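Remarks on the overall topology
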Amino acid sequence: MFRFSSLRLVTTAPVRRRLLPALVAVLGLTAGCSDPVQPGVLGPVVENTVELFSLNGSPPGAPNALALLANATTVGVLPGVSRVGDGFNFDLVVDFAPGGPVLIPVKLVGSVLGGQRDVGIRKVDVPFDALTEGPNDGYVFSSALPIAVGDVFAVVAIQAPFCQQQFSISQDLYAKLEVEAIDTVARTARLHVVVDPNCGSRRLVVQPPTPTT
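Within each chain, residues carry numbers counting from 1 in the order of the written sequence. Given that the model is predicted, a residue must reach a pLDDT of at least 70 before its local features are reported, and side-chain atom pairs must reach 80 or more before they are shown or counted; all residues, however, enter totals for whole chains, interfaces and linings. Remark: hydrogens and water are excluded; side-chain values derive from all non-hydrogen atoms of the structure.

Right, let's talk about the sheet that holds strand β10 (residues 188–196) for a bit. Spatially, 5 strands are ordered β1-β10-β9-β8-β6 in an open sheet, and the strand pairing comes out antiparallel. On the outer flanks of this sheet lie β1 (46–53) and β6 (119–124), each paired with one strand and no other. Strand after strand, the sheet turns through a mean of 25° between neighbouring axes, direction not considered. In the sheet, strand β9 (residues 173–183) pairs with β10 via 9 bridges, with the strands oriented antiparallel. Counted as the bridge partner of Lys 176 is Val 194 from β10. Here the rule is simple: two strands pair whenever DSSP picks up at least two bridges between them. Helix and strand definitions follow DSSP, with helices as H or I runs of at least four residues and strands as E runs of at least two, each counted in order from the N terminus. For helices, the fitted line uses only the C-alpha atoms of the stretch in contact; every axis is such a line through C-alpha atoms, and the angle between N-to-C directions lies from 0 to 180 degrees.

So this is what it looks like as structure tokens:
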């Protein structure tokens, strides 16, 4: 059984930026890269709807971990689910605690082995489609948050593994998710997840496909 710490820490400080000043100076990055919302050339924002089983009490092999960006063989890089493992290659889990289901950052899962990077979550009081940019602050990094159908959360992954594989000024990923359904019998939650795969960019709007002529 996995356990998570009861430590609670809420931060309202701006999300930390990990810049590479020496590389910026050498490569002469353009002024457009200084925009925290659109830092340079951007690819499309991606989305996926996933079913996540409870961290504890789920069937063997059932996917109970959410990665904001996971390698998919047929559709590219999208939000995806897997089974919690020793590699801690995920960002969030859901657990059906005695008081109700909660959303848990990777840092709180298991022991200190899972605490090498921060994932922050922030509940927002706006409709999912109205959240068009990742907030700068107000994220909770060291606490589980209760969830209910219709809840909307902003998410930031500091030093995201995906970003560490890229050349990027910022190592942070921004995302949002909406709780679409909760099944207390099957112990599952269905989540609609939108992620900006451009590290450091805070766009959270999926553009419709361009019509073909």
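Throughout, disulfides are identified as pairs of cysteine sulfur atoms within 2.5 Å of each other. For the structure on display, the rule yields 1 disulfide. At a sulfur-sulfur separation of 2.2 Å, the disulfide partner of Cys 163 is Cys 199. Since a negative S-S torsion denotes a left-handed disulfide, the Cys 163-Cys 199 link at about -105° is left-handed. With Cys 163 in helix α2 (residues 161–164) and Cys 199 in the segment after β10, the pair connects residues that are 36 residues apart, well separated along the chain.

The next subject is the nonpolar core. In these notes, a set of buried Ala, Val, Leu, Ile, Met, Phe, Trp, Tyr and Cys residues joined through side-chain atoms within 4.5 Å is what counts as a nonpolar core. Each residue gets one of three labels from its accessible area relative to the maximum for its type: buried under 20%, exposed over 50%, partly exposed in between, using a 1.4 Å probe on protein chains only. Counting residues in hydrophobic clusters, the biggest one holds 43 residues, and the most contacted among them are Leu 177 and Leu 191. Ignoring anything within four residues of it in the chain, the contact list for Leu 177 reads Leu 92, Leu 103, Phe 128, Asp 151, Val 152, Phe 153, Val 155, Leu 191, His 192 and Val 193. By size, the runner-up hydrophobic cluster in this structure holds 13 residues, among which are Val 124, Phe 128, Phe 141 and Val 194. Only heavy atoms enter the contact rule, under which two residues are in contact if any of them lie within 4.5 Å.

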